[in-house]
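The chain contents come next:
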Amino acid sequence: MAKDYYQTLGVKRDASEKDIKTAFRKLAKKHHPDANPNDPNAESRFKEINEAYEVLSDPEKRARYDRFGTANPQFDPNFPGQTYTYTNVDMGDSPFADILESLFGSFGRSGRSRGASGGFRGSPFGGAVNMDADGEDIRQKVTISLKEAYTGTSRLVTKGDRTVKVNIPAGAATGTKVRLSGEGMPGTGGGRYGDLYLIVEVAPDAQFERKGDDLYVDVKVDMFTALLGGEVEVPTMERPVKLRIPPGTQSGRKFRLPGKGMPVLRQKDQRGHLYARVLITVPEHLNAEQKALVERLRDSLR
C-alpha cells in the first residue's frame, strides 16, 4: 500500500507550502532521534516524516505523488522486487537545516551539522548519529536598584562549588543582558560550554522616574518663590544642585538639567538629562493676620 505522506505530516491534501513546512518543522523537532534517546522507534518515525516532506515540499514530486501515489513511479519503494535506500543529502539550504541548527548548532554544507567545536557526523536519514553539540545557555534574572544602575554594580552567582562575580555596567536598564562566556551548561561530544546570561530588572525608585536615559523628579516650590522667583534645590543621583526659578513659574513646568540623567549604556561619558517638574506648595495653616494679607493680595490681583 502506498504511503500517505499527507497523513504522515498531518495536513490536508490541499495544504499550502507554508502549512507543509510548518507541520514538518514541528514534527521533526518532536521526533528527532536525539530528542528521544530512549525511544527505539524515533528514528523510523523521523525517516518517515522527512521522506514525506521531501516529496510534498517539491512541486514536481508532489504532483507525481498526487497522480501516481508515489513520487517516482519507476522506483516505487512499495512495489515488489524494488528497493529504496536513503542517501546523504546536502541539507544546507533546506528547512531541515534550520531545525537541526536549533537543536545542535549551525550547518555545514555537506550534510553535517556543526557546533562551535565539532560536527554532526553521519547521515541524518539512517544509522547512529554521533554529534558534537554546544551546551545550553543559562538565563537568570537579577534585580538591581536605580542607584546601582546609575553607578554600575556586581552580583555573585553560585555555579556548583564556585562563586562567580558578575559586573553589571552603568546605564543598565530592565531587559539588559550581561553575558558570562562559558558559564552555562556543558556541551556533549567535545562541544563547548554554553553561556550564562543575567537578565537585568531595575526596581522602581521612590524619588526618580526613568524614561530611557532621562530621569524625572518632582521639585516642591513654595508659592512665593513661584510668584517672585528664586532658587530651589534639585536632587540628582549624585548630589543636590541649585536651580533658578523665574518669577511666575506655573505648577507642572519642567526644567531640563543637561547631563544629569542616566549614563548611556556602554557609551563612555554620555549621559541623559534630568527633568525637574515643579510642584507648587501652599501654606496649610494661616492665622487671622496671614489670611487677611493673602486676601488683600488676592483682591489686588483681580
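Here is a short report on the structure shown in this document. (Residues numbered from 1 in each chain as written. Predicted model: local features only at pLDDT ≥ 70, side-chain atom pairs only at ≥ 80, totals over all residues. Heavy atoms only, no water.)

**Section: the pattern of salt bridges**
Any two side chains of opposite charge can pair if their charged atoms end up close together. Here the structure, examined in full by the defined rule, presents 17 salt bridges. Taking the shortest distance from any N to any O, the salt bridge between Asp195 and Arg192 comes out at 3.4 Å. Overall, Asp195 belongs to the buried group, its relative accessible area being 4%. Here Arg192 falls in the partly exposed class, since its relative accessible area comes to 36%. Glu209 is the salt-bridge partner of Arg277, the closest N and O atoms lying 3.2 Å from each other. Of this pair, Arg277 sits in strand β13 (residues 274-281) while Glu209 sits in strand β8 (residues 209-211), and the two are 68 residues apart along the sequence. In this structure Arg277 comes out as partly exposed when scored by relative accessible area, which is 21%. (Salt bridge = Lys/Arg side-chain N within 4 Å of Asp/Glu carboxyl O. Buried < 20%, exposed > 50% of the residue type's maximum accessible area, 1.4 Å probe, protein only. Helix = DSSP H or I, 4+ residues; strand = E, 2+ residues; numbered from the N terminus.)

**Some points on the packing of helix α3 (residues 42-56) against helix α4 (residues 59-68)**
As a packed pair, α3 and α4 sit with axes 6 Å apart at the nearest point and diverge in direction by 100°. By the angle between their axes, α3 is roughly perpendicular relative to α4. Touching Glu54, Val55 and Leu56 of α3 are Lys61, Arg62 and Tyr65, all from α4. (Axes fitted to C-alpha atoms, helices over the stretch in contact; angles between N-to-C directions. Parallel < 35°, antiparallel > 145°, perpendicular 65-115°, else oblique. Contact = heavy atoms within 4.5 Å.)

**Quick word on the packing of aromatic side chains**
Evaluation of the coordinates by the stated rule reveals four aromatic pairs. Ring plane angle 15° and centroid distance 4.1 Å describe the contact between Phe24 and Tyr53, whose orientation is recorded as stacked. Residue Phe24 is found in helix α2 (residues 17-31), and its partner Tyr53 is found in helix α3; the two are separated by 29 residues along the sequence. Tyr53 shares its class with Phe24; the two are buried. Among the aromatic residues, those joined into a ring-pair cluster are Tyr5, Tyr6 and Tyr65. Here Arg139 stacks its cationic end above the ring of Tyr197, 5.2 Å away from the centre of that ring. Over the ring of Tyr216 we find Lys211; its NZ or CZ atom is 4.9 Å from the centre of that ring. (Phe/Tyr/Trp six-rings, centres within 6.5 Å; stacked < 30°, edge-to-face > 60°. Lys NZ or Arg CZ within 6 Å of the ring centre and 35° of its normal.)

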